[in-house]
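# Report on the structure
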Amino acid sequence: FGSHLGALRHHGVIPFEEKDVDLAVFSTNTSKIKRAIRATLSTQPHLNLTFSESYFGFQIPATKDLQTYIDVWMFKNDA
């Protein structure tokens, strides 16, 4: 969403350093997505990654080892 936000708000790339990754998940099954995030994070225990719920879905904060935070946006799948 940063690319779209930059295009709309700044008429190009966002002019400041934004270190995040936005993932779109077309599901509103929060318990299923939570399990998937936990399972994925458990494959990298040395990174000590955590996640929390947010108004848009879930957020995995940056750490000293992984300097990019990850936003998991949940959308209703109308298809």
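Please refer to the structure placed before this passage.
Quick summary incoming for the structure in this document. (Residues numbered from 1 in each chain as written. Predicted model: local features only at pLDDT ≥ 70, side-chain atom pairs only at ≥ 80, totals over all residues. Heavy atoms only, no water.)

This paragraph deals with the environment of N48. Within the secondary structure, N48 is located in the loop between α2 (30-41) and β2 (52-54). Residue classification places N48 among the exposed positions, given a relative accessible area of 61%. Separated by 16 residues in sequence, N48 and K64 have C-alpha atoms that sit 9.8 Å apart. (Helix = DSSP H or I, 4+ residues; strand = E, 2+ residues; numbered from the N terminus. Buried < 20%, exposed > 50% of the residue type's maximum accessible area, 1.4 Å probe, protein only.)

Here we take up the sheet that holds strand β4 (residues 69-74). The strand order across the open sheet built from four strands is β1-β4-β3-β2, with neighbouring strands paired in mixed fashion. Of all strands in the sheet, those with a lone pairing partner are β1 (20-25) and β2, marking the two edges. Looking at each pair of strands side by side, their axes are set apart by 25° on average, direction ignored. Note: β1 against β4, six bridges, orientation parallel. Paired with A24 across the bridge in β4 is W73. Against the sheet, α2 engages β1, β2, β3 (57-60) and β4, with an angle of about 15° to β3. (Pairing = 2+ DSSP bridges. Axes fitted to C-alpha atoms, helices over the stretch in contact; angles between N-to-C directions. Contact = heavy atoms within 4.5 Å.)

Looking at the element boundaries, D71 is found in strand β4. A distance of 2.8 Å separates polar atoms of two side chains, one belonging to D71 and the other to Q59. What D71 contacts, discounting residues up to four positions off in sequence, is D20, V21, D22, L23, F56, F58 and Q59. (Polar contact = N/O pair within 3.5 Å; in protein donor to acceptor, adjacent residues only side chain to side chain.)

Glancing now at the nonpolar core. Within the largest apolar cluster, ten residues are counted, these being I33, I37, L41, L47, L49, F58, I60, I70, V72 and M74. Of all the secondary structure elements, the ones that give two or more residues to this core are α2, β3 and β4. Dropping the residues within four chain positions of it, I60 is found in contact with I37, L41, L49, T50, F51, Y69 and I70. (Core = buried A, V, L, I, M, F, W, Y, C linked by side-chain atoms within 4.5 Å.)

This paragraph deals with α2. Compared with an ideal rise of 1.5 Å per residue, which puts twelve residues at 16 Å, α2 spans 16 Å between its outermost C-alpha atoms and is within 8% of the ideal. All of the buried residues in α2 are I33, I37 and L41. Buried residues in α2, looked at end-on, bunch into an arc of 65°, giving them a common side. The inward-facing, buried residues of α2 abut β1, β3 and β4. (Expected span 1.5 Å × (residues − 1). Arc of directions from axis to C-beta.)

Remember, this is a structural readout, not a statement about activity or role.
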